[in-house]
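# Working through the structure, step by step
Spelled out from the first residue to the last, the chains are:
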Amino acid sequence: MAKTVAAYTLGCKVNQYETEAVLEQFACAGFLVVPEGSPADVYIINTCTVTSLGDRKSRQMIRRAKHENPNAVIVVMGCYAQTAADEVAALPEVDLVIGADSRSQIFALTEEFIKNKERQIVVHDISKLSEFEDLSITHYENRTRAIMKVQEGCNQFCSYCIIPYARGRIRSRSIESAVREARRLAESGFSEIVLVGIHLASYGKDTKSADLLDLIQAISEIDGIRRIRLGSLEPTLFTEEFTKAAAAIPKLCHHFHLSLQSGCDETLARMNRKYTTAEYKEVLDRIRTAMPDSAIATDIMVGFPQETDEEFEATCRFAEEIRLADAHIFKYSIRKGTRAAKMDGQISPQVKDARAKKLSSITRRTQQEFLERFIGTEVEVLFEQYHQKKKGFYEGKTGNYMTVCVPGDDSLEGTFCRVRLLEEKGGVLYGEIVGED
Ligand code: SF4
């Protein structure tokens, strides 16, 4: 009987991609990939360390996997494994700890462990790495949209962030390798590609042979790819030139995730972010002028060290002013080894909770206003799956990432339709199909 492998993934889209790529190594060697939560012979735990909650959840997943099958091999990879290898290896459940430069060898290392039962920590200093580790996928969990990693690492050193230590400096995938993978994905039936990286705006800055626009252009020439979506971006990427060129690529989705982190200039400076609120606003105006249906999403952090009530209120006012389509609000969390961890004026959990609640209520309101703007219009939807709560309804996404639901069944999966939008309820737009695209 074939051996089985299951994976637990925490964190961002880059981690999701890396899990898929690692599972493919096992599948190619004859392992059966089973869903998370099923008994398996090998568990891959792809961890996250962006907040202390990420560390805690990573440890919980390791324990949960061992509980599901006490005889299973437990392999831990990801950012928590890279930054706290000894801490992870000290957990009795763990057999292998794999660092950020050894993902491509996970299957071979697991086989070795199965033979000789020797626990190993394969984690190296990654601060000097300059080569992109080429992993690859041919399929993806969601059958219409595939995530593709094209960039690794970050050189920004925001004062709160541990990621440059977990991922190393910037490294870009070659255009040839990215195009090869995108072509394979198109042949497997994917019509939408999401390009992701740790600091995607840095794509090509290391190799200097091509930039992000060249990459988008090259992928947009592939038959079968109808949409290209970009992962999280630095707002400073959107110069006049970039915005104009991006607006001229018809396959590029008008959905941009631009990390804001704070709407107060003093806080941004302490965070070592490289823009001011005025510059951020200027970028939004530029994008909205060039691509008026653009949905702008963001991350905002509350409770950064020394954030006063006035500073937080400035962030709230800014969030009202810029009226985003979506926002992920999260609470600052101390990351050992970062500059912010040593700052005076750490904020209490109660204050962080209250601030997160207040800001979320503002961004929820602006999100609803954004969706309501489209009621009565016709949009193109790529259908993906049954609506989880409303029986008999099928849902998909627009280019600008609004969720749209229509009465229908799985014959809609993977199709592009024109939908007239009728109403908004709970963050979802309901409509009727008016034609196929
Ligand atoms: S840009 Fe800043 S927040 Fe983003 S990964 Fe780099 S250091 Fe972390």
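None of these values were measured; they are calculated from a predicted model. (Residues numbered from 1 in each chain as written. Predicted model: local features only at pLDDT ≥ 70, side-chain atom pairs only at ≥ 80, totals over all residues. Heavy atoms only, no water.)

### A word on the nonpolar core
Inside soluble globular proteins, nonpolar side chains tend to come together where they are buried. Grouped together as the largest cluster of nonpolar side chains are 78 residues, with contacts concentrated most on Leu 195, Ile 219, Phe 256 and Leu 258. Looking at which domains feed residues into this core, each of domain 1 (4-122) and domain 2 (145-372) supplies at least three. Excluding its chain neighbours within four sequence positions, the residues that come into contact with Phe 256 are Leu 230, Leu 233, Phe 238, Ile 287, Met 291, Ser 294, Ala 295, Ile 296 and Ala 297. One finds Val 34, Ile 45, Val 76 and Ala 84 within the second-largest nonpolar core, a separate group that totals 23 residues. (Core = buried A, V, L, I, M, F, W, Y, C linked by side-chain atoms within 4.5 Å. Buried < 20%, exposed > 50% of the residue type's maximum accessible area, 1.4 Å probe, protein only. Domains from an automatic or database assignment. Contact = heavy atoms within 4.5 Å.)

### Some words on the domain arrangement of the protein
Interfaces are often sized by the accessible area lost when the parts come together. Splitting the protein by domain gives domain 1 (4-122), domain 2 (145-372) and domain 3 (378-436). Put simply, the middle of domain 2 and the middle of domain 3, counted by C-alpha atoms, are 26 Å apart. Taken together, the contact pairs 15 residues of domain 2 with 14 residues of domain 3. Contact between domain 2 and domain 3 buries roughly 1,300 Å² in total, counting both sides, with carbon and sulfur atoms accounting for 52%. By the criterion of area lost to domain 3, the three top residues of domain 2 are Arg 145, Arg 227 and Leu 371, representing 49% of everything that side buries. Linking domain 2 to domain 3 there are 3 salt bridges. Residue Arg 226 is joined to Glu 380 by a salt bridge in which the shortest nitrogen-to-oxygen separation is 3.4 Å. Where domain 2 touches domain 3, the interface holds 8 residue pairs in polar contact (both at pLDDT 80 or more). The greatest single-element share of the side of domain 2 that touches domain 3, amounting to 4 residues, is contributed by helix 13 (residues 349-372). A breakdown of the residues in the side of domain 2 that touches domain 3 according to their chemical character gives 4 nonpolar, 4 polar and 7 charged. (Buried area = accessible area lost by both parts, 1.4 Å probe. Salt bridge = Lys/Arg side-chain N within 4 Å of Asp/Glu carboxyl O. Polar contact = N/O pair within 3.5 Å; in protein donor to acceptor, adjacent residues only side chain to side chain. Helix = DSSP H or I, 4+ residues; strand = E, 2+ residues; numbered from the N terminus. Nonpolar A, V, L, I, M, F, W, Y, C, P; charged D, E, K, R; others polar.)

### Some points on the site of the ligand
Neighbouring the ligand are the residues Cys 154, Gln 156, Phe 157, Cys 158, Tyr 160, Cys 161, Ile 163, Pro 164, His 199, Glu 234 and Arg 273. Tallied by class, the residues present in the shell around the ligand amount to 7 nonpolar, 2 polar and 2 charged. (Near = heavy atom within 4 Å.)

### Section: the pattern of salt bridges
Evaluated as defined, the whole model comprises 34 salt bridges. Lys 149 serves as the salt-bridge partner of Glu 18, at 2.6 Å between the closest nitrogen and oxygen. On the criterion of sequence distance, the pair formed by Glu 18 in helix 1 (residues 13-28) and Lys 149 in strand 7 (residues 145-152) is long-range, its members being 131 residues apart. Across the pair Arg 227 and Glu 192 runs a salt bridge, and its minimum N-O distance is 3.2 Å. Highlighted residues: Arg 227 in strand 10 (residues 227-230) and Glu 192 in strand 9 (residues 192-197), separated in sequence by 35 residues. What emerges from the salt-bridge pattern is a single network uniting Arg 145, Glu 192, Arg 226, Arg 227, Arg 229, Glu 380 and Glu 384.

### Some details on the packing of helix 7 (residues 175-187) against helix 8 (residues 212-220)
It is at 10 Å that the axes of helix 7 and helix 8 come closest, and there the two elements cross at 30°. Helix 7 and helix 8 meet at a crossing whose hand is right-handed. Listed contacts from helix 8 to Ile 175, Ala 178, Val 179 and Ala 182 of helix 7 are Asp 214, Leu 215, Ala 218 and Ile 219. (Axes fitted to C-alpha atoms, helices over the stretch in contact; angles between N-to-C directions. Left-handed = near helix turned anticlockwise from the far one by under 90°.)

### Observations concerning the packing of aromatic side chains
On inspection of all chains with the given rule, the structure shows 15 aromatic pairs. Note on Tyr 8 and Tyr 43: the rings are 6.2 Å apart at their centroids and 25° apart in plane angle, and the pair reads as stacked. Highlighted residues: Tyr 8 in strand 1 (residues 4-9) and Tyr 43 in strand 3 (residues 42-47), separated in sequence by 35 residues. Pairing Phe 26 with Phe 107 gives two aromatic rings, centres 5.0 Å apart and planes at 90°, and the pair type is edge-to-face. Here Phe 26 is found in helix 1, whereas its partner Phe 107 is found in helix 5 (residues 106-116), with 81 residues between them in sequence. Taken together through their ring pairs, the aromatic side chains of Phe 26, Phe 31 and Phe 107 make up a single cluster. (Phe/Tyr/Trp six-rings, centres within 6.5 Å; stacked < 30°, edge-to-face > 60°.)

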